[in-house]
Amino acid sequence: MSEHVTKITPKEAVQKAYEYFDDLMEGRAHLNHRLLEGVRFDEHEKTWDVTIGFDIGREKKTGAQIDFLRSEREPIREFRLVKVKADDGSFISMDNVWHG
């Protein structure tokens, strides 16, 4: 039987993850549209995995390649996975997950 013991709530884990994210990304770039993309409890590692998405002003073209007059620009999203310990909310890691 798996013991599911956590001392911090998902809401507390997200709050901690944002604190770590802001501290580590301070002065790096202007972050726009910072959003919570996901949160899950990792039973094996006993961590909260919090994914934060944002954009920093880079854009990609959307639409048909041939019809360049109608193509639009869309922000390139970046995502960071912040892992915090479930028992006390301490920082474990922050990794680049993917670009969208």
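Structure report, in brief. (Residues numbered from 1 in each chain as written. Predicted model: local features only at pLDDT ≥ 70, side-chain atom pairs only at ≥ 80, totals over all residues. Heavy atoms only, no water.)

Here's the deal with the overall build of the protein
Okay, so step 1: Looking only at helices and strands, the protein has one helix and four strands in total.
Okay, so step 2: The helix and strand sequence of the protein, counted from the amino end, reads α-β-β-β-β.
Okay, so step 3: Considering only contacts within the protein whose residues lie at least 6 apart along the sequence, 51% involve residues at least 24 apart.
Okay, so step 4: Element-wise, carbon and sulfur atoms account for 52% of the exposed surface of the protein, whose accessible area totals about 7,000 Å². (Helix = DSSP H or I, 4+ residues; strand = E, 2+ residues; numbered from the N terminus. Contact = heavy atoms within 4.5 Å. Areas by Shrake-Rupley, 256 points an atom, 1.4 Å probe, with all protein chains shown as cover.)

Remarks on the nonpolar core
Okay, so step 1: Counting 15 residues, the largest nonpolar core has Trp 48, Ile 52 and Val 84 as its most contacted members.
Okay, so step 2: Contributions of two or more residues to this core are made by helix H1 (10-25), strand E2 (47-62) and strand E3 (72-85).
Okay, so step 3: Among the elements that make up this core, the one with the highest residue count is H1 (six residues).
Okay, so step 4: Among residues more than four places away in sequence, those in contact with Ile 52 are Ala 17, Tyr 18, Phe 21, Arg 34, Leu 35, Glu 37, Glu 78, Phe 79, Arg 80 and Val 82. (Core = buried A, V, L, I, M, F, W, Y, C linked by side-chain atoms within 4.5 Å. Buried < 20%, exposed > 50% of the residue type's maximum accessible area, 1.4 Å probe, protein only.)

Thoughts on the environment of Val 50
Okay, so step 1: Within the fold, Val 50 resides in strand E2.
Okay, so step 2: Each C-alpha atom of the pair Val 50 and Val 14 lies 6.3 Å from the other, and the pair is 36 residues apart in sequence.
Okay, so step 3: Leave out the neighbours within four places in its chain, and Val 50 touches Ala 13, Val 14, Ala 17, Leu 36, Gly 38, Val 39, Arg 80, Leu 81 and Val 82.

Considering the side chain of Asp 49
Okay, so step 1: Structurally, Asp 49 is set in strand E2.
Okay, so step 2: Looking at Asp 49, its side chain comes within polar contact range of the side chain of Lys 83, at 3.2 Å.
Okay, so step 3: Non-local contacts of Asp 49, meaning those with residues more than four positions away in its chain, are made with Gly 38, Val 39, Arg 40, Asp 42, Leu 81, Val 82 and Lys 83. (Polar contact = N/O pair within 3.5 Å; in protein donor to acceptor, adjacent residues only side chain to side chain.)

Some thoughts on the side chain of Lys 83
Okay, so step 1: With respect to the element layout, Lys 83 can be found in strand E3.
Okay, so step 2: Lys 83 sits in the buried class, given a relative accessible area of 13%.

Remarks on H1
Residues separated by three or four positions in an α-helix point in the same direction, a consequence of the helix having 3.6 residues per turn.
Okay, so step 1: For H1, with 16 residues, the first-to-last C-alpha span of 22 Å sits near the 22 Å given by 1.5 Å per residue.
Okay, so step 2: Here H1 has its buried residues at Ala 13, Val 14, Ala 17, Tyr 18, Phe 21 and Met 25. For H1, the angular spread of buried residues about the axis comes to 135°, placing them on one side.
Okay, so step 3: Phi turns positive one or two residues past the end of H1, at Gly 27, with a value near 75°. (Expected span 1.5 Å × (residues − 1). Arc of directions from axis to C-beta.)

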